[in-house]
Amino acid sequence: AAAYRAVEATVVDPNGQPVVGAGVRCTEAVGDGRSEAANTDVNGLFTLTLPRSPMSCFVTPPGGDDGLAASRLSVDLSSEDLPNIELGRGEVISGVLTAGRGVEVGLALVEVRDGEGRLWGSTVSDPEGAFSLRVDWVDAR
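Everything numeric in this text was worked out from a predicted model, so none of it was measured.

(A) Molecular detail of the sheet that holds strand β6 (residues 71-76). Read from one edge of the open sheet, 4 strands run β3-β2-β5-β6, paired in antiparallel fashion. This sheet does not close on itself; its edge strands, each paired only once, are β3 (35-39) and β6. The mean inter-strand angle of the sheet, taken between neighbouring strand axes irrespective of direction, is 20°.

(B) Just the environment of Pro 51, in detail. Turning to its location among the elements, Pro 51 is positioned in strand β4 (residues 45-51). Sequence-wise, Pro 51 and Glu 86 are 35 residues apart; in three dimensions their C-alpha atoms are separated by 23 Å. When near neighbours in sequence (up to four residues on either side) are disregarded, Pro 51 contacts Ala 3, Tyr 4, Glu 28, Arg 34 and Leu 77.

(C) The arrangement of the pairing of strand β5 (residues 54-60) in detail. With 6 bridges connecting them, strand β2 (residues 23-28) and β5 associate as antiparallel partners. Across the sheet, residue Thr 27 finds its bridge partner in β5, namely Ser 56.

(D) Geometry of the packing of aromatic side chains. Across all of its chains, the model carries 0 aromatic pairs by this definition. A cation over a ring is seen here: Arg 72 above Trp 120, with NZ or CZ 5.5 Å from the ring centre.

(E) Local environment of the state of the cysteines. Applying the stated criterion across every chain, the model contains 1 disulfide. Disulfide partner of Cys 26: Cys 57, at an S-S distance of 2.2 Å. In this structure the cystine formed by Cys 26 and Cys 57 twists about its S-S bond by roughly 110°; its chirality is therefore right-handed. Separated by 31 residues along the polypeptide, Cys 26 in strand β2 and Cys 57 in strand β5 bring together distant segments of the chain. Grouping residues by exposure puts Cys 26 and Cys 57 together as buried.

(F) Up close: the pattern of salt bridges. In total, this model carries 3 salt bridges according to the counting rule given. The shortest N-O distance in the salt bridge between Arg 34 and Glu 36 comes to 3.0 Å. Judged by its relative accessible area of 24%, Arg 34 is partly exposed. Given the relative accessible area of 25%, Glu 36 is considered partly exposed. Notably, a salt bridge pairs Glu 111 with Arg 113, separated by 2.9 Å at the nearest N-O pair.

The rules behind each value
Residues numbered from 1 in each chain as written. Predicted model: local features only at pLDDT ≥ 70, side-chain atom pairs only at ≥ 80, totals over all residues. Heavy atoms only, no water. Pairing = 2+ DSSP bridges. Helix = DSSP H or I, 4+ residues; strand = E, 2+ residues; numbered from the N terminus. Axes fitted to C-alpha atoms, helices over the stretch in contact; angles between N-to-C directions. Contact = heavy atoms within 4.5 Å. Phe/Tyr/Trp six-rings, centres within 6.5 Å; stacked < 30°, edge-to-face > 60°. Lys NZ or Arg CZ within 6 Å of the ring centre and 35° of its normal. Disulfide = S-S within 2.5 Å. Buried < 20%, exposed > 50% of the residue type's maximum accessible area, 1.4 Å probe, protein only. Salt bridge = Lys/Arg side-chain N within 4 Å of Asp/Glu carboxyl O.

Next up, the structure:
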């Protein structure tokens, strides 16, 4: 068996419609942490060449107010294929980044991580420090 293989999957919304322009990044859960990324095409399809090992994949919806949430899943590519991925609606997390004395911090990276350090969502604050993103807290697998 080859150490790597081409893996295809489709990203869809809760209505089963393809999500165009979603970002997909899969990282080895063990080993050297190799990572591959792609964007979905007009049919919601993406292809990655991935190792046959446990992977952690993170899917980010395209920009815009489509109400879709970032999502993550874990899959063992040594024994199963990457499933089609349905993006949920998730929960909105929003706020304003401030530094000392309440000064807004604009154009800063905002990441939402769990207690184990896993990334669940990211965005950049606007020039006034405001940010908003949707996060789907449910593991897909």
